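Fold and geometry: a report
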Amino acid sequence: MDRTEITEILNRPISQKLLARDLTRMAYVATDGTPRTIPIGFTWNGTEIVLCTSTNAPKLHALRKNPMVALTIDTEIHPPELLLIRGRAELDVVDGIPAEYLQMNGSYQMTAEQRVEWEAGVRSLYDGMVRIVVTPTWAKLIDFDTTLPTPVEELMRQRAQRQSA
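Attention in this report is confined to the structure presented alongside it. (Residues numbered from 1 in each chain as written. Predicted model: local features only at pLDDT ≥ 70, side-chain atom pairs only at ≥ 80, totals over all residues. Heavy atoms only, no water.)

Let's shift gears to the environment of V130. For V130, the position within the fold is in strand β7 (residues 128–142). A sequence separation of 79 residues divides V130 from L51, and the C-alpha atoms of the two residues are 8.3 Å apart. Apart from the residues within four sequence positions on either side, V130 is in contact with L51, C52, T53, S54, T55, L60, L91, D92 and V93. (Helix = DSSP H or I, 4+ residues; strand = E, 2+ residues; numbered from the N terminus. Contact = heavy atoms within 4.5 Å.)

One finds L19, M26, I49 and L83 to be the most contacted residues of the largest nonpolar core, which totals 28 residues. By residue number, the principal contributor to this core is β7, which donates five residues. Beyond its immediate sequence surroundings of up to four residues, L19 is in contact with L10, F42, W44, I49, I73, L83 and I85. The next biggest cluster of nonpolar side chains, apart from the first, holds eight residues, and it includes C52, I97, M104 and M129. (Core = buried A, V, L, I, M, F, W, Y, C linked by side-chain atoms within 4.5 Å. Buried < 20%, exposed > 50% of the residue type's maximum accessible area, 1.4 Å probe, protein only.)

On to the environment of K17, then. Along the chain, K17 falls in helix α2 (residues 13–19). As a C-alpha pair, K17 and T53 span 36 residues in sequence and 24 Å in three-dimensional space.

The full count for this structure, using the stated rule, is two aromatic pairs. Ring geometry for Y101 versus W118: centroids 6.0 Å apart, planes at 20°, classification stacked. Of this pair, Y101 sits in helix α4 (residues 99–104) while W118 sits in helix α5 (residues 112–125), and the two are 17 residues apart along the sequence. Overall, the relative accessible area of 22% leaves W118 in the partly exposed class. Seen in terms of ring centroids, Y101 and Y126 are 6.1 Å apart; in terms of plane orientation they differ by 70°. Their pairing is edge-to-face. One end of the pair, Y101, is in helix α4; the other, Y126, is in the loop between α5 and β7, and 25 residues separate them in sequence. For Y101, a relative accessible area of 13% puts it in the buried group. Assessed through its relative accessible area of 21%, Y126 is described here as partly exposed. (Phe/Tyr/Trp six-rings, centres within 6.5 Å; stacked < 30°, edge-to-face > 60°.)

Moving on, we get to the sheet that holds strand β1 (residues 23–29). Spatial strand order, β2-β1-β5-β6-β7-β4-β3: seven strands in an open sheet with antiparallel pairing. In the strand order of this sheet, the two ends are held by β2 (35–41) and β3 (43–44), each with one partner. As paired strands, strand β5 (residues 68–74) and strand β6 (residues 82–95) are joined by seven bridges and run antiparallel to one another. By the bridge assignment, I73 is partnered in β6 with L83. Against the sheet, helix α1 (residues 3–10) engages β3, β6 and β7, with an angle of about 90° to β7. (Pairing = 2+ DSSP bridges. Axes fitted to C-alpha atoms, helices over the stretch in contact; angles between N-to-C directions.)

Pasting the structure below:
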């Protein structure tokens, strides 16, 4: 998939709405070779998905060994809207708390007092974090209106061919 096609998909209004959410599911291959999927907060900066984690997170060992990931950002409505992204994770160890971590946790409903308390707790817990930066190498939007899962599209083509024969 070329960069232009990825950009076109990610710039669609539904994709932008999904990229403004605060939680994705990230799939990766664990060091024992088995698949893992975890919910994790994220931020979209216009070209990359940025996720943040503690420096001792087990997923970091796996991502150093195999940096390929798949992300799903979706809704809980019917029909669902899904944004599927694949890419390569780059790990960036940083001192302190990355701005993206504070940003991605800014959408939770907290009072101003709760936010101050939460941020103080975060700053006292972490002396550094790891930014997991994913540049999309593949993307697909499924909204069940203008786009469908590829196997369903194929079945619909086959049905149309049978009906026209």
